[in-house]
Amino acid sequence: MQLYHVIVNPASKSGRGKEIWKGLEHVFEEEHTDFQVHFSESTNHIHQVMKELQKEASTEAPLYLIVFGGDGTLNQVIDSIEDFDAVKLGYIPSGSGNDFARSRNLKGTPEDMLREILKGEVHHKLDIGVLTYPSGKKHYFDVSAGIGFDAAVCAEAGESRAKVVLNKLGLGKLTYVFIALGQIISHKRPACSLVLDDEKEVKLPHFLFVAAMLHAYEGGGFKFGPEADPEDGLLDLCVAGDVNKLLFLRALPTAYEGKHYRFKGIDQYRAQKVVIKTAIPQWVHTDGETELCVERVTISCMKQRLQFLQK
């Protein structure tokens, strides 16, 4: 009988994550499948749990993993994977942004998703992104990484008390909208350069952000990568460069439908690797999780590494 390990964020769904998960446990019995649940306590705790779970995992005896939480929880799990060939993963979204689920078009009830995962079939091998800091420290990501405005929004949202309140009201997405409007006004626009695949250089006298997209959506529904293919081994780069703030304010709502590239100063590039340098330190994010302000990052794509158990 196959054993599944489940990592649950009990704080998801406005603090109802644990309760909702408990309502799904009967599915394992009905499907004659063993499971062990791990309730996350912090980012550090997830890393510790994942390190322990992977001790016995191998290509021949992979770790079957289910993540129940938001994009942040999924990111923390993926960033903890040591050997992608030794892990098979399913995901049940229960966050406020749910950009991975939106991009993957995951449909059905949590119970429907769980029953599909328990079939144990790998339906996709998805790309994984790697963000490397100047120190050499790396972070994996599965949706997007970015520097500048979008990362500053994520950093502020992570500290926002309003997000907690709005999440409880089922309006968590509005957190990002309100913060984005404030950041458009206050965010500085330094010079920036991009080097694509060690060949092409793009110089920007001013920039708002660069988003490296594996999937279509980030930031709670902004479709910054409308043509992104998570299995092609490439990053779709959304670059908001020398665009004034009033024009960007007009363009931002159109990003919900992926129509922002019609505005001058917002450009699209595609590359397997990009090196980004900025004139002053900027916030950086991976799947909405922020850690540092830096002046340089390297972002690359590993083709078809994540074994995903859903269609």
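Values in this document were obtained by computation on a predicted structure and should not be read as measured data.

Topic: a nonpolar patch on the surface
A grouping of Leu-181, Leu-246 and Leu-249 is seen on the molecular surface, where their side chains present a nonpolar patch of about 290 Å² in accessible area. In this structure, Leu-249 sits in helix H11 (residues 245-251). Since its relative accessible area comes to 38%, Leu-249 is described here as partly exposed.

With respect to the confidence of the model for the protein chain
Mean pLDDT over the protein chain works out to 91, with 92% of the residues at or above the 70 mark. Here helix H9 (residues 161-168) stands out as the least confident element of the protein chain, with mean pLDDT 50; strand S5 (residues 124-132) is the most confident, with 98.

Side note on the pairing of strand S9 (residues 200-204)
Within a regular beta strand, the side chains point alternately toward one face of the sheet and then the other, so they alternate between its two faces. Here 5 bridges tie strand S8 (residues 192-196) to S9, and the two strands are oriented antiparallel to one another. Directly across from Val-195, in S9, lies its bridge partner Glu-201. With antiparallel pairing between neighbouring strands as the criterion, S8 and S9 make up a hairpin whose turn holds 3 residues, including Asp-197 at a positive phi of roughly 50°.

Description of the nonpolar core
Counting residues in hydrophobic clusters, the biggest one holds 40 residues, and the most contacted among them are Trp-21, Leu-65, Ile-66, Leu-89, Tyr-91 and Leu-114. The leading source of residues in this core is strand S3 (residues 63-69), at 6 residues. With near-sequence residues (within four places) excluded, Leu-114 lies in contact with Trp-21, Leu-24, Val-27, Phe-28, Ile-66 and Ile-92. Within the second largest apolar cluster, 26 residues are counted, among which are Val-239, Ile-276, Ile-299 and Cys-301.

A few points about the state of the cysteines
In a disulfide, the sulfur atoms of two cysteines are held together by a covalent bond. Across all of its chains, the model carries 0 disulfides by this definition. No disulfide involves Cys-154; its sulfur sits 12 Å from the nearest other cysteine sulfur, which is in Cys-293. Exposure remark for Cys-154: the relative accessible area of 11% places this residue in the buried category. Free of any disulfide, Cys-192 has its nearest cysteine sulfur in Cys-238, 13 Å distant. Among the residues examined, Cys-192 registers a relative accessible area of 4% and is labelled buried.

Quick look at the pattern of salt bridges
Evaluated as defined, the whole model comprises 12 salt bridges. Between Glu-111 and Arg-115 there is a salt bridge; the shortest N-O distance is 3.0 Å. Here the residue Glu-111 and the residue Arg-115 both occupy positions in helix H7 (residues 110-117), the gap between them amounting to 4 residues, near one helical turn. For Glu-111, a relative accessible area of 26% puts it in the partly exposed group.

Quick word on the packing of aromatic side chains
Enumeration according to the criterion identifies 13 aromatic pairs in this entry. Look at Phe-100 and Phe-308: their rings are 5.5 Å apart centre to centre, the planes differ by 80°, and that puts the pair in the edge-to-face class. Taken as a pair, Phe-100 in helix H6 (residues 99-104) and Phe-308 in strand S14 (residues 289-308) lie far apart in primary sequence, 208 residues in all. An aromatic cluster is defined as three or more aromatic residues linked by ring pairs; in this entry it consists of Phe-149, Phe-209, Phe-222, Phe-224, Phe-248 and Tyr-256. Here the basic side chain of Lys-18 rests over the ring of Phe-39, its NZ or CZ set 4.9 Å away from the ring centre. Geometry around Tyr-217 places Arg-102 over its ring, the cationic atom sitting 5.6 Å from the centre.

Looking at helix H4 (residues 43-53)
Of the residues making up H4, those classed as buried are His-45, Ile-46, Val-49, Met-50 and Leu-53. The buried residues of H4 occupy one face: seen down the axis, they fall within an arc of 130°. H4 presents Asn-44, Gln-48 and Lys-51 as exposed residues on the side facing more than 90 degrees away from its buried surface. At its buried positions, H4 is contacted by strand S1 (3-8), strand S2 (34-39), S3 and helix H5 (71-78).

Concerning the environment of Leu-196
When you line up the elements, Leu-196 lands in strand S8. For Leu-196 and Ser-300, which are 104 residues apart along the polypeptide, the C-alpha to C-alpha distance reads 10.0 Å. Setting aside its immediate chain neighbours within four residues, Leu-196 contacts Val-202, Leu-237, Tyr-269, Ala-271, Lys-273 and Val-274.

Things to note about the environment of Leu-194
Tracing the chain through its elements places Leu-194 in strand S8. Linking Leu-194 and Pro-93, residues 101 residues apart in sequence, is a C-alpha distance of 33 Å. Setting aside residues no more than four positions away along its own chain, Leu-194 makes contact with Lys-200, Glu-201, Val-202, Leu-204, Val-210, Val-239, Val-274, Val-275 and Ile-276.

Describing the environment of Ala-211
Mapped onto the elements, Ala-211 comes out in strand S10 (residues 209-213). Remark: the alpha-carbon pair of Ala-211 and Trp-283, spanning 72 residues in sequence, is separated by 12 Å. Residues contacting Ala-211, with those up to four places away along its chain left out, are Ala-145, Gly-146, Asp-150, Glu-218, Asp-236, Leu-237 and Cys-238.

Things to note about H5
Within H5, 8 of the 8 residues are buried, leaving the element largely enclosed by the surrounding structure. Residues of H5 that are buried include every one of Asp-71, Gly-72, Thr-73, Leu-74, Asn-75, Gln-76, Val-77 and Ile-78, and no others.

Cut-off values and rules
Residues numbered from 1 in each chain as written. Predicted model: local features only at pLDDT ≥ 70, side-chain atom pairs only at ≥ 80, totals over all residues. Heavy atoms only, no water. Patch = residues over 30% accessible without salt bridge, like charges linked within 9 Å, V, L, I, M, F, W, Y side chains within 5 Å. Areas by Shrake-Rupley, 256 points an atom, 1.4 Å probe, with all protein chains shown as cover. Salt bridge = Lys/Arg side-chain N within 4 Å of Asp/Glu carboxyl O. Helix = DSSP H or I, 4+ residues; strand = E, 2+ residues; numbered from the N terminus. Buried < 20%, exposed > 50% of the residue type's maximum accessible area, 1.4 Å probe, protein only. pLDDT = per-residue confidence, 0-100. Pairing = 2+ DSSP bridges. Core = buried A, V, L, I, M, F, W, Y, C linked by side-chain atoms within 4.5 Å. Contact = heavy atoms within 4.5 Å. Disulfide = S-S within 2.5 Å. Phe/Tyr/Trp six-rings, centres within 6.5 Å; stacked < 30°, edge-to-face > 60°. Lys NZ or Arg CZ within 6 Å of the ring centre and 35° of its normal. Arc of directions from axis to C-beta.

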